[in-house]
Amino acid sequence: MDTTLTPATAALNVELLRKDFPALHQSAHDHPLVYLDNAATTQKPQSVIDRIRRYYESENSNVHRGVHFLSQLATDAYEGARRTIASYINASDPREVIFTRGTTESINLVASSYGASFVPGDEVLISTMEHHSNIVPWQMLCERRGCTLKVIPVSDEGEIIYEEFERLLSERTKILAVCHTSNALGTVNPIQRMIRDAHALGVPVLIDAAQALPHGPMDVRELDCDFLCFSSHKMFGPTGVGVLYGKQDLLESLPPYQGGGDMIESVSFEGTTYNELPHRFEAGTPNIAGVIGLEAAVKYLQKVSPAAISSYEAELTDYATKTISSIDGVRIVGTAKRKVPVMSFLVGDIHPYDCGTILDRLGIAVRTGHHCTQPLMHRFGIPGTARASLAFYNTFGEVDALADGIRKAKSMLMR
Ligand code: 7TS
């Protein structure tokens, strides 16, 4: 049973919400687990775990194939999930929601299908703060099609330099592909304004929202983005499933991504005709349990007040920033004005890996390294950072534990 608050509740009752997440209540190396690696993946509420279990116990069957009872149950659940998710992001139609393996596959799909019509001289515009999954697919496309990858620089604070963006955006730009929220810095980009400016030049926009959805809902119609990509596992759902949202007319115009079962209308050795949206982009047996689990995560999030999450996380971000940066010798990388609670930091000359290892021994889970953003690390002239990434179920006490851990690492390792 979830003990989630009703949307009418003004403040977030974090202690109550934590009860919904069984994985949070365990020890690591004889310390209470302090899970601060949410940008890598989030923990799952009991309702998601129960839903997946129920699917395998009583609904497991392939979708869109059988006439039999179970297949119909599974198909109804799978397509019902599509409707829930479409409505959560305010898509105009469930057919605009394509299920993928995750953000990575969603971006690869667009790069491969939308990019198939690119010609030499066309440009793809991304930013310095992109995750590798919003860099490499475009680089591969540019190599294939003879196009040019343009990169918007970021400031010392870790914000997009807007004038540079305006300078780089042109009629040659075939797509703007940027993250809504940076996984390594926590920066929230001025996405709405960027979309408006891109559209003024007729440039379509892909938003990598992998790090946005865990912190609040998104409205694709209000944003007017052309594509939106996100991963279930970063928003309290299961791994192995993600979403590509695309405007219907754009998706209709794209060639298929992968060939196989379910994406066809008819097949003969002379030729194949393709299925309609969304099935045209979902070749093969999909991750049925994953999709149904993602729906359960969305339903869970719908029960928690987004306004309460957002004001609690703003306080958490403030508190974590102040607490960690006040430790002598600690430098926070990424000090944008608009941030989610993601703290990338360096402690004196201690290698982030060593710092992470000591924190781990204290039960505190952080990620260390380049966070799949090597060009961004290069921009800051560092090999990597230690990163504490928080979710709404993290507490002020856990921030204090992190600060104590950093002090301990300092006393053990700093010369
Ligand atoms: N885009 C962003 C902004 C991300 O943070 C990630 C994963 C991805 C794309 C790729 O998502 P996937 O679900 O397809 O793997 N980011 C991280 C991270 O920060 N630590 O581990 C994975």
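None of the values given here were measured: they were computed from a predicted structure.

Topic: unusual backbone geometry
For step 1, the next point in the chain: With an omega dihedral of -5°, the bond running from Leu277 to Pro278 counts as a cis peptide bond.
For step 2, the next point in the chain: Along the chain, Pro278 falls in the loop between β12 (271-274) and α10 (288-303).
For step 3, the next point in the chain: The backbone phi angle of Asn90 is positive, close to 60°, even though this residue is not glycine.
For step 4, the next point in the chain: Along the polypeptide, Asn90 turns up in the loop between α3 (69-88) and β4 (97-100).
For step 5, the next point in the chain: Phi is positive for Asp262, close to 75°, though the residue is something other than glycine.
For step 6, the next point in the chain: When you line up the elements, Asp262 lands in the loop between α9 (248-253) and β11 (264-268).
For step 7, the next point in the chain: On the accessibility criterion, Asp262 (16% relative accessible area) is buried.

A word on the site of the ligand
For step 1, the next point in the chain: The local shell around the ligand holds 16 residues, among which Thr104, Asp208, Ser231, Arg367 and Arg387 are the closest.
For step 2, the next point in the chain: Contacts to the ligand include Lys234, whose side-chain N or O atom sits 3.0 Å from a nitrogen atom.
For step 3, the next point in the chain: Measuring from an oxygen atom of the ligand, one finds a side-chain N or O atom of Arg387 at 2.6 Å.
For step 4, the next point in the chain: Protein chains shield 87% of the accessible area of the ligand, which is 490 Å² for the free molecule.
For step 5, the next point in the chain: Considered class by class, the residues forming the shell around the ligand number three nonpolar, nine polar and four charged.

Focus: the domain arrangement of the protein chain
For step 1, the next point in the chain: Domains assigned within the protein chain are domain 1 (7-32 + 306-413) and domain 2 (49-302).
For step 2, the next point in the chain: Inter-centroid distance (C-alpha atoms) of domain 1 to domain 2 is 28 Å.
For step 3, the next point in the chain: Between domain 1 and domain 2, the contact holds 34 residues from the first and 28 residues from the second.
For step 4, the next point in the chain: A combined buried area of about 2500 Å² lies between domain 1 and domain 2, and 61% of that area is made up of carbon and sulfur atoms.
For step 5, the next point in the chain: With a closest N to O distance of 3.9 Å, Lys337 and Glu159 form a salt bridge.
For step 6, the next point in the chain: Here domain 1 and domain 2 share 17 residue pairs in polar contact (both at pLDDT 80 or more) between them.
For step 7, the next point in the chain: The set of elements that each furnish at least two residues to the side of domain 1 that touches domain 2 consists of α11 (306-325), β14 (342-347) and α13 (374-379).
For step 8, the next point in the chain: Ranked by the residues each element gives to the side of domain 1 that touches domain 2, the list is headed by α13, at five residues.
For step 9, the next point in the chain: Across the side of domain 1 that touches domain 2, the residue classes tally to 20 nonpolar, seven polar and seven charged.

Some remarks on the pairing of strand β7 (residues 173-179)
For step 1, the next point in the chain: Of all the seven residues making up β7, six are buried; the element is thus mostly covered by neighbouring parts of the structure.
For step 2, the next point in the chain: Taken together, the four bridges between β7 and strand β8 (residues 205-208) define a ladder with parallel strand orientation. Following the sheet pairing, Leu176 is matched in β8 by Val205.
For step 3, the next point in the chain: The parallel pair β7 and β8 is bridged by helix α7 (residues 191-200), and the resulting crossover is right-handed.

Focus on the sheet that holds strand β17 (residues 385-389)
For step 1, the next point in the chain: Strand order in the open sheet formed by four strands is β13-β14-β17-β16, with antiparallel pairing between adjacent strands. At either margin of the open sheet sits one strand with a lone partner, and together these are β13 (330-333) and β16 (367-369). Mean inter-strand twist for the sheet, computed between neighbouring axes without regard to direction, equals 30°.
For step 2, the next point in the chain: Pairing analysis gives four bridges linking β14 to β17, with the strands arranged antiparallel. Its bridge partner lying in β17, Met343 is registered against Ala388.

Re the sheet that holds β7
For step 1, the next point in the chain: Taken in spatial order, the seven strands of this open sheet run β4-β10-β9-β8-β7-β5-β6, and their pairing is mixed. The sheet terminates laterally at β4 and β6 (148-152), the two strands that pair on one side only. The mean inter-strand angle of the sheet, taken between neighbouring strand axes irrespective of direction, is 20°.

Concerning the packing of α3 against α10
For step 1, the next point in the chain: At their nearest, the axes of α3 and α10 sit 9 Å apart, and the two run at 40° to each other. As the angle between them shows, α3 and α10 are arranged oblique. As α3 runs across α10, the sense of the crossing is left-handed. Residues Ala77, Tyr78, Gly80, Ala81, Thr84, Ile85 and Tyr88 of α3 lie in contact with α10, whose contacting residues are Ile288, Val291, Ile292, Leu294, Glu295, Val298, Lys299, Leu301 and Gln302.
For step 2, the next point in the chain: Tallied by class, the residues present in the contact of α3 with α10 amount to 11 nonpolar, three polar and two charged.

Cut-offs and rules
- Residues numbered from 1 in each chain as written.
- Predicted model: local features only at pLDDT ≥ 70, side-chain atom pairs only at ≥ 80, totals over all residues.
- Heavy atoms only, no water.
- Helix = DSSP H or I, 4+ residues; strand = E, 2+ residues; numbered from the N terminus.
- Buried < 20%, exposed > 50% of the residue type's maximum accessible area, 1.4 Å probe, protein only.
- Near = heavy atom within 4 Å.
- Polar contact = N/O pair within 3.5 Å; in protein donor to acceptor, adjacent residues only side chain to side chain.
- Areas by Shrake-Rupley, 256 points an atom, 1.4 Å probe, with all protein chains shown as cover.
- Nonpolar A, V, L, I, M, F, W, Y, C, P; charged D, E, K, R; others polar.
- Domains from an automatic or database assignment.
- Contact = heavy atoms within 4.5 Å.
- Buried area = accessible area lost by both parts, 1.4 Å probe.
- Salt bridge = Lys/Arg side-chain N within 4 Å of Asp/Glu carboxyl O.
- Pairing = 2+ DSSP bridges.
- Right-handed = clockwise from strand over helix to strand, strands pointing away.
- Axes fitted to C-alpha atoms, helices over the stretch in contact; angles between N-to-C directions.
- Parallel < 35°, antiparallel > 145°, perpendicular 65-115°, else oblique.
- Left-handed = near helix turned anticlockwise from the far one by under 90°.

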